[in-house]
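The primary structure of each chain is shown beneath.
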Amino acid sequence: MDFEIAFSPRARKSPYFDRTVAAGVKAFSIYNHTYFPVSYGSMETEYWRLHDAVAVWDVSCQRQIELAGPDADKLTQAVCTRDMRDTVMGQGRYTAMCDHDGRLLNDPLVLKVDENRWWISIADSDMLFWIRAIRAERGLDATVTELEVAPLAVQGRHAEDTLADMLGEWVRDIRFFRFTETEHEGIPFWIGRAGYSGVDGFELYLTDPSKGGDLWDRVWAAGAPYDIGPGTPNHMERVESGFISIRTETLDDSDPFECRLGRYVSADPALDYIGAEALAAKRSAGLTRELVGLMVDGPRRLPNTTPLPVTIKEETVGQIRTLVWSPQRDSMIALAQIDVPHNELGTKMSVDVDGGVVGAMVTEVPFI
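A. Quick look at the overall build of the protein chain. Each helix and strand in the protein chain was counted, giving eight helices and 21 strands. Its C-alpha atoms give the protein chain a radius of gyration of 21 Å, within 12% of the compact-globule value 21 Å for 368 residues. C-alpha atoms of the protein chain, sized along the principal axes, occupy 65 × 50 × 40 Å. Considering the protein chain as a whole, with its 368 residues, one finds that 55% of them fall into the buried category. Once local pairs closer than 6 in sequence are excluded, the contacts in the protein chain between residues at least 24 apart make up 65%.

B. Focus on the sheet that holds strand S15 (residues 228-231). The six strands are arranged S12-S13-S14-S11-S3-S15 in an open sheet whose pairing can be described as mixed. Edge positions in the open sheet fall to strand S12 (179-184) and S15, since each of these has one partner strand only. Recorded for the sheet is a direction-independent mean angle of 30° between the axes of neighbouring strands. Across the sheet, helix H5 (residues 159-167) lies against strand S3 (54-58), strand S11 (150-155), S12, strand S13 (187-193) and strand S14 (201-206), angled at about 45° from S14, the strand it touches most.

C. Main features of the environment of Leu128. Among the structural elements, Leu128 can be located in helix H4 (residues 127-138). Accessibility expressed as a relative area gives 10% for Leu128, which makes it buried. Leu128 sits 17 residues away from Thr145 along the chain, and the two C-alpha atoms are 7.3 Å apart. Those residues within four positions of Leu128 in sequence are excluded, and the remaining contacts are Ile65, Val144, Thr145 and Glu146.

D. Spotlight on the packing of H5 against helix H6 (residues 212-223). Where H5 meets H6, the closest approach of the two axes is 8 Å, and the angle between their N-to-C directions is 110°. With respect to H6, the axis of H5 lies roughly perpendicular. The way H5 lies across H6 gives a crossing that is right-handed. Seen from H5, the contacting residues are Thr162, Asp165 and Met166; seen from H6, they are Leu215, Arg218, Val219, Ala222 and Gly223. Classifying every residue of the contact of H5 with H6 by side-chain character gives four nonpolar, two polar and two charged.

E. Expanded view of helix H2 (residues 43-52). Listed in full, the buried residues belonging to H2 are Glu46, Tyr47, Arg49 and Leu50. Take H2 and look down its axis: the buried residues cluster within an arc of 160°, on one side only. The secondary structure elements touched by the buried residues of H2 are strand S2 (34-39), S3, S11, S15 and helix H7 (235-240).

F. How the structure looks around the packing of aromatic side chains. In the structure shown here, the tally under the stated rule is twelve aromatic pairs. The interplanar angle of 65° and the centroid separation of 5.9 Å between the aromatic rings of Trp119 and Trp190 together place this pair among those described as edge-to-face. You can see Trp119 sitting in strand S9 (residues 117-121) and its partner Trp190 sitting in strand S13, a full 71 residues away along the chain. Comparing Trp119 with Trp190, the two get one shared label, buried. Connected via pairs of aromatic rings, a cluster forms that spans Trp119, Phe179, Trp190 and Tyr205.

G. Structural view of the packing of helix H3 (residues 72-79) against H4. Two numbers describe how H3 lies on H4: the axes approach to 10 Å, and their chain directions differ by 115°. As H3 runs across H4, the sense of the crossing is right-handed. Contact residues: H3 offers Leu75, Ala78 and Val79, while H4 offers Trp130, Ile131, Ile134, Arg135 and Arg138. Here the residues of the contact of H3 with H4 are counted per class, giving six nonpolar, no polar and two charged.

H. Broad picture of H3. For H3, a buried count of six out of eight residues is recorded, marking the element as mostly surrounded by other parts of the structure. Those residues of H3 not exposed but buried are Ala72, Leu75, Thr76, Gln77, Ala78 and Val79. Contacts from the buried residues of H3 go to strand S4 (64-68), strand S6 (97-98), strand S8 (109-114), S9, H4 and strand S10 (143-146).

I. The sheet that holds strand S20 (residues 348-353), seen in detail. Within the closed barrel, the six strands sit side by side as S16-S19-S18-S17-S20-S21. Their pairing is antiparallel. Across the sheet, the mean angle from the axis of one strand to that of its neighbour is 40°, orientation sign disregarded. Sheet topology places strand S18 (residues 315-326) next to strand S19 (residues 331-339); eight bridges connect them, and they run antiparallel. Within the sheet, the bridge partner assigned to Ser326 lies in S19 and is Ser331.

Cut-offs used in this document
- Residues numbered from 1 in each chain as written.
- Predicted model: local features only at pLDDT ≥ 70, side-chain atom pairs only at ≥ 80, totals over all residues.
- Heavy atoms only, no water.
- Helix = DSSP H or I, 4+ residues; strand = E, 2+ residues; numbered from the N terminus.
- Rg over C-alpha atoms; globule rule 2.2 N^0.38 Å.
- Buried < 20%, exposed > 50% of the residue type's maximum accessible area, 1.4 Å probe, protein only.
- Contact = heavy atoms within 4.5 Å.
- Pairing = 2+ DSSP bridges.
- Axes fitted to C-alpha atoms, helices over the stretch in contact; angles between N-to-C directions.
- Parallel < 35°, antiparallel > 145°, perpendicular 65-115°, else oblique.
- Left-handed = near helix turned anticlockwise from the far one by under 90°.
- Nonpolar A, V, L, I, M, F, W, Y, C, P; charged D, E, K, R; others polar.
- Arc of directions from axis to C-beta.
- Phe/Tyr/Trp six-rings, centres within 6.5 Å; stacked < 30°, edge-to-face > 60°.

Put into structure tokens, the structure is as follows:
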């Protein structure tokens, strides 16, 4: 298929863009105003590459918002629902970000890179403007800047082998969500054990975007013995692993508790983060709906991220947000927003898929 991509200042090209094109990218999306590769032609091929080999992902759309200055610690805590006080330099923490009414805005990885200096690695929403507004609202002395930092993910069974061959055996000692600043053949980046998959992997936060092609090439060469190939965050794998996608599985008024993120919401009133009072009230009131896993009957179908109604005795009790094939469960599986009390494990319901009705049952998440 012939196509053209129109570029403008409203959307960025990744430092790895040319390499993704050369690797055979088939489709892009726009994520954080950045062209984001989402397919190289076969989701299942990319799935098994994660489990059997190693994949390189262009995730530079995962933009970094830097908070720096005397009040950077206070500002970081103000916008994060998790207790960030004992975070050490080089440590990343997954958290939720909410508005004043407790609505979920983002679920970033927050990295402490130095004293009074943090990077917030955001999912797809304009958090730069939000954080600047909170800084002004609270009168805090900190700068809020979107950095030209470009993450490259190396994911899969042989991700560690690939990067150990490239950088040295010390890579194997990197703990989960720990990052360190390094340099390789003139290419500067932070490396950490992290990634949007349940398989082992790393993220390389390139700090000189002019070196994007060089970093891709070094990783590709190191991964050649392990059958490296291109990939993207994989819907099959991430749903099996129970990873949510903001604005895919979440609704505009979702809160962290109903999205299975309650463990990242601190109940300590001393933290005074945005949304704390509203979230305390939601915690006390209890759930009215919950994001759950469903095993879905019927034949294999194409992935679906269009909401599908879920019913019990013709009463609508929620909606499927993402429906995919699970190679390891040999079944269709889904993440769905389901009303209480129908969210309980083992509850059976019906789903209208492609004009036909099939059965479904609430199951454990993660699925494998």
